[in-house]
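Letter by letter, the chains look like this.
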Amino acid sequence: ISSPQTMRARLLILLLATLLQGHQLTQDTRFHPDEAYFMTFARNASVNGDWMLAGSLDKPPLSIYMSAVSMIFVGTTTDTNGVLHLDPHIGEFAGRLPNVFLAIVLVAVMMRLAQDLYHDEQVTILVGLLTAISPYIVTFGATAFTDMSLLFWLVISLWLTVRRKYGQGLRWD
């Protein structure tokens, strides 16, 4: 069981990760050409209902589906004729939002993984801090690339393997 100081340190690290990701997410930058390519599939799914992702796609679809659902909830509007629209700036924000959440949760999962591997609070805090400020996580967290989704699920798989919870779902106890 963690001490109150350790719990505060973990929460501060998650707050730091949230602030870093939020800062990156709110930057007024347009999609990189690869991001735009992936988000074309997400936009077609969210606005046109093309959930089969028709076209030449060489990436796993989960991150694209997450972005499409985010676009539906955050950015898609309906006009008086019932036609769906997606503002480009709001669509870019919505397309990046799932990866921001995954980047923040990744910090928490890395701390749990470190705790389960080393049983040392200082190592857990260090791993969380290094993950939160990692240039890779900070840079690619607030993007629409598929990297963050793949990295997140890889770390979840490693954590479940360490806990010997193969296929039993995610539990924090």
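Residues numbered from 1 in each chain as written. Predicted model: local features only at pLDDT ≥ 70, side-chain atom pairs only at ≥ 80, totals over all residues. Heavy atoms only, no water.

S.K.: Lay out helix H1 (residues 4–25) with the relevant residues and their values.
M.R.: The first and last C-alpha atoms of H1 sit 31 Å apart over 22 residues, in line with the 32 Å expected at 1.5 Å per residue. Buried within H1 are the following residues: Thr6, Arg10, Ile13, Ala17, Gln21 and Leu25. Take H1 and look down its axis: the buried residues cluster within an arc of 110°, on one side only. Facing away from the buried side of H1 by over 90 degrees, the exposed positions are Pro4, Gln5, Arg8, Leu11, Leu12 and Leu19. Next to the buried residues of H1 lie helix H4 (88–118), helix H5 (121–133) and helix H6 (135–141). (Helix = DSSP H or I, 4+ residues; strand = E, 2+ residues; numbered from the N terminus. Expected span 1.5 Å × (residues − 1). Buried < 20%, exposed > 50% of the residue type's maximum accessible area, 1.4 Å probe, protein only. Arc of directions from axis to C-beta. Contact = heavy atoms within 4.5 Å.)

S.K.: An account of the packing of H1 against H5 is needed here, citing residue identities and associated values.
M.R.: H5 packs onto H1 with a crossing angle of 5° between their chain directions and a minimal axis gap of 9 Å. By the angle class used here, H1 and H5 are roughly parallel. Across the interface between the two elements, Thr6, Ala9, Arg10, Ile13, Leu16, Ala17 and Leu20 of H1 pack against Glu121, Thr124, Ile125, Gly128, Leu129, Ala132 and Ile133 of H5. Looking at the contact of H1 with H5 residue by residue, the classes come out as nine nonpolar, three polar and two charged. (Axes fitted to C-alpha atoms, helices over the stretch in contact; angles between N-to-C directions. Parallel < 35°, antiparallel > 145°, perpendicular 65-115°, else oblique. Nonpolar A, V, L, I, M, F, W, Y, C, P; charged D, E, K, R; others polar.)

S.K.: Can you break down the environment of valine 138 residue by residue, with the values?
M.R.: Here valine 138 shows up in helix H6. Here the alpha-carbon distance between valine 138 and threonine 18, two residues 120 residues apart in the chain, equals 10.0 Å. When near neighbours in sequence (up to four residues on either side) are disregarded, valine 138 contacts Leu20, Gln21, Gln24, Ala132 and Ile133.

S.K.: Before we move on, could you go through the pattern of salt bridges and cite the residues and values that matter?
M.R.: Counted according to the given criterion, the structure contains six salt bridges. The shortest N-O distance in the salt bridge between arginine 30 and aspartate 28 comes to 2.9 Å. Overall, the relative accessible area of 42% leaves arginine 30 in the partly exposed class. With a shortest N-O distance of 2.8 Å, glutamate 92 and arginine 30 are connected by a salt bridge. Remark: arginine 30 occurs in the loop between H1 and helix H2 (33–48) and glutamate 92 occurs in helix H4; sequence separation between them is 62 residues. Sharing partners across several salt bridges, the network here consists of Asp28, Arg30 and Glu92. (Salt bridge = Lys/Arg side-chain N within 4 Å of Asp/Glu carboxyl O.)

S.K.: Residue-level account of the nonpolar core, with values.
M.R.: In this structure, Met39, Ala42, Leu53, Ile64 and Met71 are the most contacted members of the largest nonpolar core, which totals 15 residues. Where this core is concerned, the elements lending two or more residues are H2 and helix H3 (62–75). The element contributing the most residues to this core is H2, with six residues. Apart from residues lying up to four places away in sequence, methionine 39 is in contact with Phe31, Ser67, Met71, Gly95 and Ala144. In terms of nonpolar packing, the next biggest core, distinct from the first, is built from twelve residues, Ile137, Met148, Val155 and Leu160 among them. (Core = buried A, V, L, I, M, F, W, Y, C linked by side-chain atoms within 4.5 Å.)

S.K.: How would you explain a nonpolar patch on the surface if you had to name every residue and give the values?
M.R.: On the surface, Trp51, Val69, Ile72, Phe73, Val74, Ile90 and Phe93 cluster together into a nonpolar patch covering about 610 Å² of accessible area. Of all elements in the fold, only H3 and H4 reach the threshold of two or more residues within the nonpolar patch. With respect to the helices and strands, the residue isoleucine 90 is situated in helix H4. (Patch = residues over 30% accessible without salt bridge, like charges linked within 9 Å, V, L, I, M, F, W, Y side chains within 5 Å. Areas by Shrake-Rupley, 256 points an atom, 1.4 Å probe, with all protein chains shown as cover.)

S.K.: Go over the side chain of glutamate 92, please, and point to the residues and values.
M.R.: By relative accessible area, glutamate 92 is classed as buried at 10%. Setting aside residues no more than four positions away along its own chain, glutamate 92 makes contact with Thr29, Arg30 and Phe31.

S.K.: An account of the packing of aromatic side chains is needed here, citing residue identities and associated values.
M.R.: Within this structure, the stated rule accounts for six aromatic pairs. Among the aromatic residues, ring-to-ring pairing joins Tyr37, Phe38 and Phe41 into one connected group. (Phe/Tyr/Trp six-rings, centres within 6.5 Å; stacked < 30°, edge-to-face > 60°.)

S.K.: Lay out the side chain of serine 46 in plain terms, naming residues and giving numbers.
M.R.: Within the element layout of this structure, serine 46 appears in helix H2. Residue serine 46 is classed as buried on the basis of its relative accessible area of 5%. What serine 46 contacts, discounting residues up to four positions off in sequence, is Trp51, Ala68, Met71, Ile72, Thr76, Leu84 and Leu86.

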